[in-house]
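Now for the letters of each chain:
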Amino acid sequence: MDVGTRITVTSPDQMRDLGRRLAKLLRPGDLILLTGELGAGKTTLTRGLGEGLGVRGAVTSPTFVIARVHPSLGDGPPLVHVDAYRLNGGLDEMEDLDLDVSLPDSVVAVEWGEGKVEGLAEDRLHVVIQRTVGSDMAVTDVMAADVDDVRDVVVTGVGPRWAGEDLASLAG
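Computed from a predicted model, the values in this text were never measured in an experiment.

Undergrad: Please explain the confidence of the model for the protein chain as it appears in this structure.
TA: Close inspection of predicted coordinates is inappropriate for parts of the model with low pLDDT. Mean pLDDT over the protein chain: 84, with 78% of residues reaching 70 or higher. Helix 1 (residues 12-23) holds the highest mean pLDDT among the elements of the protein chain, 97, whereas helix 5 (residues 139-143) holds the lowest, 47. In the model, residues 135-142 has pLDDT below 50 throughout and makes five contacts with residues more than four positions away in sequence or in other chains.

This is the structure we're talking about:
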């Protein structure tokens, strides 16, 4: 059974804050799939995950290196940040990155991973980020934000790991 929640984010700072809140729910072995168009906020959310997990290094887009490991500065799990945008081979190509080896001890966040990495774990979190321009947002929400920064974020937990989690708490 899948469980999920929808959150409206009106700025990059709010997207980072959402990542920090999400980090509080994460533990070693968690796989997060981040889906959204270019510039939607996937890396910004992952930056917040890194801050919330207390990892070393600036979380930036790993587009050209494909995967970047951020070790924990404390006793939490490291963050493995993957950009699967340039990988067309699905799970076979992803296996070359040895994510299955990293996954049990790390939090693995994969941008552009939908349709490519679901086979890595039965339990996973899907985060879908969409621009809301032209949506049915309340006028006051739009007026309070730069319309280009407004995002609709849907966080869905898949598998037994997420059945008991209160994802609605992410709404802040």
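Undergrad: So what exactly am I meant to see when it comes to the environment of Thr35 here?
TA: Among the structural elements, Thr35 can be located in strand 2 (residues 31-35). Sequence separation between Thr35 and Trp112 is 77 residues; the distance between their C-alpha atoms is 5.6 Å. For Thr35, the residues in contact, after removing those within four places along its chain, are Lys42, Glu114, Val127, Val128 and Ile129. Among the polar contacts listed, one links the side chain of Thr35 to the side chain of Glu114, at a separation of 3.3 Å.

Undergrad: Sorry if this is basic, but what is going on with the pairing of strand 7 (residues 151-158) here?
TA: Regular strands place side chains that alternate from one sheet face to the opposite one. Counting buried positions over the eight residues of strand 7 gives six, a clear majority of the element. Looking at chain direction, strand 1 (residues 3-9) and strand 7 are connected through seven bridges and run antiparallel. Of the residues in strand 7, the one forming a bridge with Ile7 is Val153. Of the pairings in the sheet, the one linking strand 6 (residues 124-131) to strand 7 comprises eight bridges and is antiparallel in character. Pairing of Leu125 across the sheet is with Gly157, part of strand 7.

Undergrad: Is there a simple way to explain helix 2 (residues 42-53) in this structure?
TA: An α-helical segment advances 3.6 residues per turn. Residues three or four places apart therefore align on the same side. For helix 2, with 12 residues, the first-to-last C-alpha span of 16 Å sits near the 16 Å given by 1.5 Å per residue. Within helix 2, nine of the 12 residues are buried, which leaves the element mostly enclosed by the surrounding structure. Those residues of helix 2 that sit buried are Lys42, Thr43, Thr44, Leu45, Thr46, Gly48, Leu49, Gly50 and Leu53. Buried residues along helix 2 sit against helix 1, strand 2, strand 4 (79-83), strand 5 (107-111) and strand 6. Following helix 2 by one or two positions, Gly54 has its phi on the positive side, about 70°.

Cut-off values and rules
Residues numbered from 1 in each chain as written. Predicted model: local features only at pLDDT ≥ 70, side-chain atom pairs only at ≥ 80, totals over all residues. Heavy atoms only, no water. pLDDT = per-residue confidence, 0-100. Helix = DSSP H or I, 4+ residues; strand = E, 2+ residues; numbered from the N terminus. Contact = heavy atoms within 4.5 Å. Polar contact = N/O pair within 3.5 Å; in protein donor to acceptor, adjacent residues only side chain to side chain. Buried < 20%, exposed > 50% of the residue type's maximum accessible area, 1.4 Å probe, protein only. Pairing = 2+ DSSP bridges. Expected span 1.5 Å × (residues − 1).

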